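# A closer look at the structure
Residues per chain, in single letters:
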Number of protein chains: 2
Amino acid sequence: VTARAVSRKAKRGRVLSFIREKEETSRGEIAREFSLDKKAVSVMVDELLSERILAVNGFRDSGSNPVRGRRREVLAINGAHSAYIGIDLGATHITGVLSDLAGTVLERAYFEVRPGLPVDLILDQMKTISARLLSREKDTGGVRAVGVCVPGFVHPRAGVSLVAENIPGWRDVRVREIFQKEVGRPVALEDASRAFATAERWLGTCRGLRDFIALDLGYGIGMGMYAGGTLHTGSAWKSGEIGHTVVDPEGLHCACGNNGCLETVASGRAIARQASDGIRAGRSALLHDLTHGNAESVTAQDVALAASMKDPFSTGLLEAAGSAVGLALANAVNLLNPSVVVLGGGLVSAGRPLINALASSLARCTMPGIREDMRLTVSELGGDSSARGMAQIAAEDVFAGE
Amino acid sequence: VTARAVSRKAKRGRVLSFIREKEETSRGEIAREFSLDKKAVSVMVDELLSERILAVNGFRDSGSNPVRGRRREVLAINGAHSAYIGIDLGATHITGVLSDLAGTVLERAYFEVRPGLPVDLILDQMKTISARLLSREKDTGGVRAVGVCVPGFVHPRAGVSLVAENIPGWRDVRVREIFQKEVGRPVALEDASRAFATAERWLGTCRGLRDFIALDLGYGIGMGMYAGGTLHTGSAWKSGEIGHTVVDPEGLHCACGNNGCLETVASGRAIARQASDGIRAGRSALLHDLTHGNAESVTAQDVALAASMKDPFSTGLLEAAGSAVGLALANAVNLLNPSVVVLGGGLVSAGRPLINALASSLARCTMPGIREDMRLTVSELGGDSSARGMAQIAAEDVFAGE
């Protein structure tokens, strides 16, 4: 491989990202964006068309030159070119998607996971999901890669999931090795919150934004962010640990080893723990009835249901959680000055008490001048957002390494 | 200007940044870094040498090919090519430097500023400093640009300093317009903490690092950061407001409009206010004597002096401030996963009580796994770091816009 070939491929990768982001573009637009001359653009675009990575989506009048009446090609990614599997392992679920090169979901698969399940069984469930999705390969341009995301510390280059505090026993899992053997294709690995942010960046409400925060509120609390147009990873792929913002140095012990982390007061896990204490203390007859008096079994979803039925104790729990998250988020916003904060994860569906309290404490604690630049929104991608983002990352890796 | 010429200049800019960062390099190294062929590198390097932007700093044996005994040129930035002025406006000082293209300081100028001085007088002092530095131009390759940094919100593209909370009356100051008229050269503008981070990145302890945090502890508290190798600005150039981390929603009113910001408990300004209250309440005989009983006039530097003389009240103030900063910093570290946190600003010289308390609360509240990846250090650049970083930014802008 010559230096020139490397440079050519890097340029192709950047042009593809650009087209993916714009959804539709033209040769002229590519030339302007990359300061390329007409001939260089033509060579590259013709090549991408002949490889069926790009497709011509019809023609449009050229606004820049209406007199000469020219019509320009509309260039777009050809979704049918290839497909990618994304698998999202959470503390309470495994979600898988098969999506095409344009990010359209072709097939979904989902398992609930009981917290505390042995690691081997979790891996078996993940393999079952990937096999199920792979069985649809014949309907695609071919599955080119698989992406797996896990909450917690990952080493994407080594393909190792180092630790996921909310999945007991999950340590140094060689995700790439395990799945490459299973599926015989390249396997990408990332943190689940960063996969969520990636989905928002390419497919969701943050499309095209250079600076935004994606907050993943679930059994744990994680954050993915784009900084200056790039997915932020930090120096050792450990960025985004907003769940371990210390909100009370004298607070409860956290699974991470510190005390008083946000996750100990506001995560799905913490809400369930507080609800369980509340049931035992007789503070909510409704929660008691919903769980048939089995305080241990209560979940954040039960609390959300009870709150929607106007249970004051449950409403209070969600409000307190939202308020704590809003404060930590405000501090993150003050540091990062994002244009959008997008909320996702299972707790977001826990309803208005949590979201309202979050929004109000976020507004109160964000610095004036930064607050006005920021929009708070809820993800529209739903429960498979991290899996979709992970399929996207797997595709990016394929094209970057081509 | 053709598209090709734009592309060529962009490439030149990236190559120059690379050489600046490496300090010394060779044609082969440039070729490998940018995937360029030998001829393209030769054309570019010969051009940079003929323009005297680069210089050959001797020759060195080529390690890669000892048998053929080749000696490779050592290429470096030619500092003498041109010079840049950097001016740092703080709440208590104006610092100016004249530095060459390689970042070496040729001349310094400094004024203390009494907090509360009218904006016009501050601008006059800044102009005096720039005139003084400009008078040394004959000893340089020519002053090509001036950079000005101010704490607070700036709009670098418009050249307007929007607001600096700690400088009363400083609002919407058209810094570029004012100084361009004064010096007749391009004027760059940035936030002072980002200028500090830039100095650390190119000239200080963070040279070559992709992810680090530069904390600017002075009359106010600001933060500059590099994320993935790039100076982080946020969506509207407002990132880094760690001083407005809410540490107590029920706390004191802050100049920003919110309550309980870190700056209200731990900045130089807050320490002075607490010391002043303490003197009036008779809690420190030493501070009383050091200020001749004039409680209003006490500064954070007086508190530092008293602490170094073992005054328990002053030591306690610095420890409480350090501890609060350490907590806010830990939360920033958990979000950003930097490899280094570098401390600068006037308060850093306030001595061990503050730094020790900061380090210990930072260690306690940073998430295990992230803590181990991070090194805490104190800037070695001294009081003119922001001014030096600003001269650097002014130079970068000249080369980017060439």
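Here the idea is simple: oppositely charged side chains can pair when their charged atoms come close. Enumeration over the complete set of coordinates arrives at 34 salt bridges over all chains. Here glutamate 47 of chain B makes a salt bridge to arginine 12 of chain B, at a shortest N to O gap of 2.6 Å. One end of the pair, glutamate 47 of chain B, is in helix H3 (residues 38-50); the other, arginine 12 of chain B, is in helix H1 (residues 3-22), with 35 residues separating them in the sequence. Two residues, arginine 174 of chain B and glutamate 177 of chain B, come together in a salt bridge whose shortest N-O distance is 2.8 Å. Put simply, Arg12, Glu47 and Glu51 of chain A are held in one network by salt bridges that share partners.

A word on helix H12 (residues 352-365) of chain B. Owing to its 3.6 residues per turn, the α-helix brings residues three or four apart onto one side. Residue and element names in this part refer to chain B. Over its 14 residues, H12 runs 20 Å from end to end, which matches the ideal 20 Å to within 8%, given 1.5 Å per residue. For H12, every residue scored as buried is listed here: Pro353, Leu354, Ile355, Ala357, Leu358, Ser361, Leu362 and Cys365. Here the buried face of H12 lies against strand E11 (212-217), helix H8 (268-280), helix H10 (300-308), helix H11 (312-336), strand E14 (340-344) and strand E15 (375-378).

A few words now on the sheet that holds strand E3 (residues 83-89) of chain A. All names here are of chain A. Taking strand neighbours across the sheet as the criterion, the five strands line up as E5-E4-E3-E6-E10 in an open arrangement whose pairing is mixed. Across the chains shown, the open sheet's two edge strands, defined by having one partner strand only, are strand E5 (105-112) and strand E10 (187-191). The sheet shows a mean angle of 15° between the axes of neighbouring strands, direction not considered. Here six bridges tie E3 to strand E6 (residues 143-150), and the two strands are oriented parallel to one another. Considered in E6, the bridge of isoleucine 85 is made with valine 146. Packed on one face of the sheet, helix H5 (residues 175-183) meets E3, E6 and E10 and runs near 145° to E10. The strands that helix H6 (residues 192-203) touches are E3, E6 and E10; relative to E10, the one it contacts most, it runs at about 100°.

Below, the discussion takes up the packing of helix H8 (residues 268-280) of chain A against helix H11 (residues 312-336) of chain A. Residues and elements named next belong to chain A. Packing of H8 against H11 leaves a shortest axis separation of 11 Å and a crossing angle of 150°. Between H8 and H11, the angle is such that the two are roughly antiparallel. The handedness of the crossing between H8 and H11 comes out as right-handed. For the pair H8 and H11, the contacting residues are Ile271, Gln274, Ala275 and Gly278 in the first and Phe313, Leu317, Leu318 and Ala321 in the second. Residues belonging to the contact of H8 with H11 are distributed by class as follows: six nonpolar, two polar and no charged.

Time to look at the relation of the copies chain B and chain A. Superposing chain B onto chain A takes a rotation of 180° combined with a translation of 0.0 Å along the rotation axis, leaving an RMSD of 0.0 Å. Between the two chains, the operation in question is that of a two-fold axis. Comparing interface residues between copies, 100% of those in chain B also lie at the interface in chain A; the contact surface is shared.

Taken together, the contact pairs 49 residues of chain B with 49 residues of chain A. Per-residue buried area on chain B facing chain A is highest for Ser235, Leu335 and Met367 of chain B; these three make up 18% of the total on that side. At the junction of chain B with chain A, the criterion picks out two salt bridges. Aspartate 373 of chain B is the partner of lysine 238 of chain A in a salt bridge, and the nearest nitrogen-oxygen pair spans 3.0 Å. The interface formed by chain B and chain A contains 28 residue pairs in polar contact (both at pLDDT 80 or more). Those elements that provide at least two residues to the side of chain B that touches chain A are H1, strand E12 (221-227), H11 and H12 of chain B. Take the side of chain B that touches chain A: its biggest share by element is six residues, from H11 of chain B.

Scoring rules and cut-offs
Sequence order as written defines the numbering, with residues in each chain counted from 1. Chain A is the first chain written and ligand 1 is the first ligand written, with later ones labelled in order. Whole-chain, interface and lining totals are the exception, using all residues; otherwise, since this is a predicted model, local features are given only for residues with pLDDT of at least 70 and side-chain atom pairs are given and counted only at 80 or more. Note: side-chain values were computed over all heavy atoms of the structure, leaving out hydrogens and water. By definition here, a salt bridge exists when the distance from a side-chain nitrogen of Lys or Arg to a carboxyl oxygen of Asp or Glu is within 4 Å. The secondary structure listing takes helices from DSSP runs of H or I that are at least 4 residues long and strands from runs of E that are at least 2 residues long, numbered from the N terminus. Take the number of residues in a helix, subtract one, and multiply by 1.5 Å to get its expected span. With a 1.4 Å probe rolled over the protein chains alone, any residue whose accessible area is under 20% of its type maximum counts as buried; one over 50% counts as exposed, and the rest are partly exposed. Note on contacts: a residue pair qualifies if any of its non-hydrogen atoms lie within 4.5 Å across the two residues. Only when DSSP finds a minimum of two bridges between them are two strands counted as paired. Interaxial angle, 0 to 180 degrees, is taken between N-to-C directions of lines fitted to C-alpha atoms, where a helix line uses only the stretch in contact. Each angle gets one of four labels, with under 35 degrees taken as roughly parallel, over 145 as roughly antiparallel, 65 to 115 as roughly perpendicular, and the rest as oblique. The crossing is said to be left-handed when, going from far helix to near helix, the turn is anticlockwise and less than a right angle, and right-handed when the turn is clockwise. The classification used treats Ala, Val, Leu, Ile, Met, Phe, Trp, Tyr, Cys and Pro as nonpolar, Asp, Glu, Lys and Arg as charged, and all other residues, Gly among them, as polar. A least-squares fit on C-alpha atoms brings the copies together, and the residues used are those whose pLDDT is at least 70 in both copies. The term buried area means the drop in 1.4 Å probe accessible area that two parts suffer when joined, counted for both and summed. Any pair of nitrogen or oxygen atoms within 3.5 Å is treated as a polar contact; in protein, a donor-acceptor pairing is required on top of that, and neighbouring residues in sequence qualify only through side-chain atoms on both sides.

Shape is all these values report; function is a separate question.
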